[in-house]
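# Coordinate analysis (summary)
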Amino acid sequence: MLARVSSVESFRRWRADEAADDQSLIDSLSDFAPTPAMLAGTALHAALEVAGPGESDVLKSGGYEFRLKTDIEIALPRQREIRARKDYGPLTVTGKFDALDGLTIIDHKSTARFDAERYVSGCQWKFYLDIFGCRKFRWNVFEIREVEFEVYEVFAFHVLEQMAYPGLHDDCMALALDFHDTVSRLMPDYTPALESA
């Protein structure tokens, strides 16, 4: 079985929610139409991909515009958008990072409200470190709000980091095996779309 890192994270959140039923997991793992916030996040990623060196107050991509209303200084390494996979018993987990700087994976996120705990408590960063054999995971988090149709203000910027730790691989393996067993039971024909991480 093959799964995206983001699907394993959806499963982890479902497992932690005592009120969630089986159908909510099936729905979260099934293909769905992206929300406006997801489309804006994808456009921001694309704008960062083509951003050149130097200062800019506006980033543009795919008809979207992002107005930088806060000081943001980020390095955009040359190694970007690389996908890899790793076997965890019967489950192969695949992920694609935004950028790589030495042994540091960099992930760009956009959100309406920054919540550090949401990122740190997740499993995505753990799987990325394990799959790519890296030591540090860094989130560049852009707080955005829509001010006009497809025009956003970036009003805050946060950097959050986590390090690999002893037992990280074992934690990933346990979660991957639980994902495999549960999804095999509930969705025997599960096949993920692999466009995103």
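Residues numbered from 1 in each chain as written. Predicted model: local features only at pLDDT ≥ 70, side-chain atom pairs only at ≥ 80, totals over all residues. Heavy atoms only, no water.

### With respect to the packing of aromatic side chains
In this structure the tally under the stated criterion is 15 aromatic pairs. In this structure, Arg 118 is placed above the aromatic ring of Tyr 119, and the distance from its NZ or CZ to the ring centre is 4.8 Å. Between the NZ or CZ atom of Arg 145 and the centre of the ring of Phe 155, over which it lies, the distance is 4.2 Å. (Phe/Tyr/Trp six-rings, centres within 6.5 Å; stacked < 30°, edge-to-face > 60°. Lys NZ or Arg CZ within 6 Å of the ring centre and 35° of its normal.)

### Comments concerning the environment of Leu 39
Looking at where Leu 39 falls in the secondary structure, it is placed in helix α3 (residues 36-50). Through-space distance from the C-alpha of Leu 39 to that of Glu 150 is 9.5 Å; in sequence the pair is 111 residues apart. Not counting residues up to four positions away in its chain, the partners in contact with Leu 39 are Pro 34 and Tyr 64. (Helix = DSSP H or I, 4+ residues; strand = E, 2+ residues; numbered from the N terminus. Contact = heavy atoms within 4.5 Å.)

### Focus: unusual backbone geometry
With phi around 60 degrees, Glu 150 is a residue other than glycine that occupies positive phi space. Counting through the fold element by element, Glu 150 comes out in the loop between β7 (136-148) and β8 (151-163).

### Section: the nonpolar core
In this structure, Val 8, Val 93, Ile 105, Phe 127, Leu 129 and Phe 179 are the most contacted members of the largest nonpolar core, which totals 36 residues. Broken down by secondary-structure element, the contributors of at least two residues to this core are α1 (5-16), α2 (22-29), β5 (91-101), α5 (124-132), β7 and α6 (168-186). Among the elements that make up this core, the one with the highest residue count is α6 (7 residues). Val 93 has contacts with Ala 3, Arg 4, Val 5, Val 8, Ala 84, Arg 85, Lys 86, Tyr 88, Phe 127 and Ile 131, leaving out every residue within four places of it along the chain. Core analysis: the second largest hydrophobic core is formed by 14 residues, Ala 43, Phe 66, Leu 68 and Ile 144 among them. (Core = buried A, V, L, I, M, F, W, Y, C linked by side-chain atoms within 4.5 Å. Buried < 20%, exposed > 50% of the residue type's maximum accessible area, 1.4 Å probe, protein only.)

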